[in-house]
Amino acid sequence: MASPPPSSSTIVARVRDRFRKRVCDIERELVLEPELLMRDACIEVIDKVVKDVSTEPVGEGKHGLCFLATMISEDVKVILKQVVAEDVFEGSSTTRHEQHKDDADTQEWMLSDATIDEAAQLYALSTLHYPFISRGRGLAIDLKAKHIYVIVDYIQGVPLMTALAEGNMSIEQRLFIAIQIASTMQFLACLEIFHNDLFTGNIILDAHNIPILIDFGAATFHHPAERARSSSSTGDMCQDIDAWYQR
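Let me sum up the structure you'll find in this document. Predicted model only: the values in this text are computed from it and were never measured.

## A look at the packing of aromatic side chains
Thinking step 1. Overall, the coordinates contain four aromatic pairs when judged by the stated rule.
Thinking step 2. Here Y130 and F187 contribute two aromatic rings whose centre-to-centre distance is 4.2 Å and whose plane-to-plane angle is 15°, an arrangement assigned as stacked. With Y130 in the loop between α3 (113-125) and β6 (136-142) and F187 in helix α5 (residues 171-190), this pair connects stretches of sequence that are 57 residues apart.
Thinking step 3. Judged by its relative accessible area of 22%, F187 falls in the partly exposed class.
Thinking step 4. Taken together, the aromatic side chains of Y130, F132 and F187 make up a single cluster linked through ring pairs.

Encoded structure:
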């Protein structure tokens, strides 16, 4: 007889424990203050943390689809970024965006270490305490659809791409934005974190025309062993800047 599927509380506890462990590992690897990234993290079943989830995706990133929702505790808009690790369905031909049947073969999906680790890295790199980076808020676990979502701030504003195309920005405004972007990239480079998707569509100008860097889905960072082999982080930062100019 097949064993019964795990209860929701078991799944949430499993995800929370694995998530916390991986985020703590990342904090040590980045030499950050312990518990800094986990301080405000919310990890819960999706219906308990967000409401009014958009029926249609508002975007798609490296890890999956993105949806607009409202954080229940604060009544603020947030983005749900779906996380599906590459090897979750290892050995099958299933693609990452397909809807899966609710059968015994998919019950273990929520317990996949690979998926939780992917979510932890995306959350951690979105939760660095810096004024020009969008903030991660935690995880939402959709037990019915068997999806994990990283919750990140929704930045109300205009993509820099759009603002530049409109042609209404003064030289002073452009210079201010360029300096803030350079400051953000320097901050990330000092931690040896590389965004890897820097372009004007991933920078949002908020209501005060402050540029906020979003979408860390493709971001990477150097582990301690990699840092020892790397002569400098400047080259990687320049790769981000070069990518910017090629867009």
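## Let's talk about empty space enclosed by the protein
Thinking step 1. Summed over the entire model, instances satisfying the criterion amount to four cavities of 30 Å³ or more.
Thinking step 2. The computed volume of the largest cavity comes to approximately 50 Å³.
Thinking step 3. Lining of the largest cavity is provided by F132, Q180, I181, T184, M185, L198, I203, P211, I212 and L213.
Thinking step 4. With four residues, the top contributor of residues to the lining of the largest cavity is α5.
Thinking step 5. Residue composition of the lining of the largest cavity, grouped by class: eight nonpolar, two polar and no charged.
Thinking step 6. In this model, the second largest cavity occupies a volume close to 40 Å³.
Thinking step 7. Lining of the second largest cavity is provided by G61, K62, H63, G64, C66, K81, Q82, L122, D215 and G217.
Thinking step 8. When its residues are assigned to classes, the lining of the second largest cavity shows two nonpolar, five polar and three charged.

## Focus on the packing of helix α1 (residues 8-29) against α3
Thinking step 1. Contact pair α1 / α3: the axes reach a minimum separation of 9 Å and the direction vectors enclose 50°. Considering their axes alone, α1 and α3 lie oblique with respect to each other. Two packed elements cross with a definite hand, and for α1 against α3 that hand is right-handed. Where α1 approaches α3, its residues R14, V15, R18, F19, R22, V23 and I26 are matched on the opposing element by D113, I116, D117, A119, A120, Q121, Y123 and A124.
Thinking step 2. For the contact of α1 with α3, a count of residues per class yields nine nonpolar, one polar and five charged.

## Section: the layout of surface pockets
Thinking step 1. Considered as a void within the structure, the largest pocket measures approximately 460 Å³ in volume.
Thinking step 2. Surrounding the largest pocket, 23 residues form its lining, V58, C66, I79, K81 and I214 being those nearest its centre.
Thinking step 3. Contributing elements (two or more residues each) for the lining of the largest pocket: β3 (59-60), β4 (65-71), β5 (76-83) and β7 (147-153).
Thinking step 4. Of the residues assigned to the lining of the largest pocket, the class counts are eleven nonpolar, eight polar and four charged.

## Some words on the side chain of Q180
Thinking step 1. Position of Q180 relative to the elements: it lies in helix α5.
Thinking step 2. Look at Q180 and you get buried, because its relative accessible area is 13%.
Thinking step 3. Residue contacts for Q180: discarding those within four places in its chain leaves F132 and P211.

What counts and how
- Residues numbered from 1 in each chain as written.
- Predicted model: local features only at pLDDT ≥ 70, side-chain atom pairs only at ≥ 80, totals over all residues.
- Heavy atoms only, no water.
- Phe/Tyr/Trp six-rings, centres within 6.5 Å; stacked < 30°, edge-to-face > 60°.
- Helix = DSSP H or I, 4+ residues; strand = E, 2+ residues; numbered from the N terminus.
- Buried < 20%, exposed > 50% of the residue type's maximum accessible area, 1.4 Å probe, protein only.
- 1 Å grid on protein atoms, 1.4 Å probe; cavity = no way out; pocket = protein on both sides within 12 Å on 5 of 7 lines; lining within 4 Å.
- Points joined across faces, edges and corners; volume = space filled by probe spheres on them.
- Nonpolar A, V, L, I, M, F, W, Y, C, P; charged D, E, K, R; others polar.
- Axes fitted to C-alpha atoms, helices over the stretch in contact; angles between N-to-C directions.
- Parallel < 35°, antiparallel > 145°, perpendicular 65-115°, else oblique.
- Left-handed = near helix turned anticlockwise from the far one by under 90°.
- Contact = heavy atoms within 4.5 Å.

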